[in-house]
Amino acid sequence: QVQLVESGGGLVQYGGSARLSCAASGSRFSINTMGWYRQAPGKQRELVATISRRGITNYADSVKGRFTISRDNAKNTAYLQMLALKPEDTAVYYCNIQNTLGHTSWGQGTQVTVSS
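Keep in mind it's a predicted model, so treat the numbers as computed, not measured. (Residues numbered from 1 in each chain as written. Predicted model: local features only at pLDDT ≥ 70, side-chain atom pairs only at ≥ 80, totals over all residues. Heavy atoms only, no water.)

### Points about the overall build of the protein chain
Logical step 1: Scanning the protein chain for helices and strands turns up zero helices and 11 strands.
Logical step 2: In the protein chain, the succession of helices and strands from N to C terminus is β-β-β-β-β-β-β-β-β-β-β.
Logical step 3: Its C-alpha atoms give the protein chain a radius of gyration of 13 Å, within 12% of the compact-globule value 13 Å for 116 residues.
Logical step 4: Along the three orthogonal principal directions, the C-alpha set of the protein chain runs to about 45 × 25 × 25 Å.
Logical step 5: The burial tally for the protein chain puts 40% of its 116 residues in the buried class.
Logical step 6: Pairs at least 24 apart in sequence give 53% of the contacts found in the protein chain among residues at least 6 apart.
Logical step 7: Of the roughly 6,400 Å² of accessible surface on the protein chain, 45% is carried by carbon and sulfur atoms.
Logical step 8: Charged side chains in the protein chain number 12 positive and 6 negative. The centres of these two groups are separated by 7 Å. (Helix = DSSP H or I, 4+ residues; strand = E, 2+ residues; numbered from the N terminus. Rg over C-alpha atoms; globule rule 2.2 N^0.38 Å. Buried < 20%, exposed > 50% of the residue type's maximum accessible area, 1.4 Å probe, protein only. Contact = heavy atoms within 4.5 Å. Areas by Shrake-Rupley, 256 points an atom, 1.4 Å probe, with all protein chains shown as cover. Lys, Arg positive; Asp, Glu negative; His and termini not counted. Charge placed at Lys NZ, Arg CZ, Asp CG, Glu CD.)

See below:
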């Protein structure tokens, strides 16, 4: 069974930075896309960023230029470096992976709170 272990986040001041990590294990098939989504209170879960196995990235407009997604294929780990954080970035951040068969898995989520 696929397990995603997320770390990082917490309470960050306005304009500060944080780094999230997501380590995947237990996948029988290669991981194709790794990504981060977030869900703020009362809102739907939304895409933050994704990265393909080849390193092709995709970002939500709201985080472009501030967030950077990366991955280490040898460790099956994805990272999200977040800079210039704003209160509207406050949310639970979820790691997501999709394997080569198209199956997806979600992490438990990690809270990021940006104080104003």
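### Here's the deal with the pairing of strand 3 (residues 18–25)
Logical step 1: Relative to strand 3, strand 1 (residues 3–7) runs antiparallel, the two being bridged by five bridges. Bridge pairing in strand 3 places Leu 4 opposite Ala 24.
Logical step 2: Pairing analysis gives six bridges linking strand 3 to strand 8 (residues 77–82), with the strands arranged antiparallel. Counted as the bridge partner of Ala 23 is Thr 77 from strand 8. (Pairing = 2+ DSSP bridges.)

### Details of the sheet that holds strand 8
Logical step 1: Strand order across the open sheet formed by four strands is 1-3-8-7, with antiparallel pairing between neighbours. Of all the strands in the sheet, just strand 1 and strand 7 (67–72) have a single pairing partner and so form its edges. The mean angle between the axes of side-by-side strands here comes to 15°, regardless of whether they run parallel or antiparallel. (Axes fitted to C-alpha atoms, helices over the stretch in contact; angles between N-to-C directions.)

### Focus on the pattern of salt bridges
Logical step 1: Per the counting criterion, the structure on display carries four salt bridges.
Logical step 2: Two residues, Lys 64 and Asp 61, come together in a salt bridge whose shortest N-O distance is 3.1 Å.
Logical step 3: As a salt-bridge pair, Asp 89 and Arg 66 come within 2.8 Å of each other at their nearest N and O atoms. Here the residue Asp 89 occupies a position in the loop between strand 8 and strand 9 (91–99), and Arg 66 occupies one in the loop between strand 6 (57–59) and strand 7, the gap between them amounting to 23 residues. Each member of the pair, Asp 89 together with Arg 66, is buried.
Logical step 4: Taken together, the shared-partner salt bridges in this structure form one network comprising Arg 38, Glu 46, Arg 66 and Asp 89. (Salt bridge = Lys/Arg side-chain N within 4 Å of Asp/Glu carboxyl O.)

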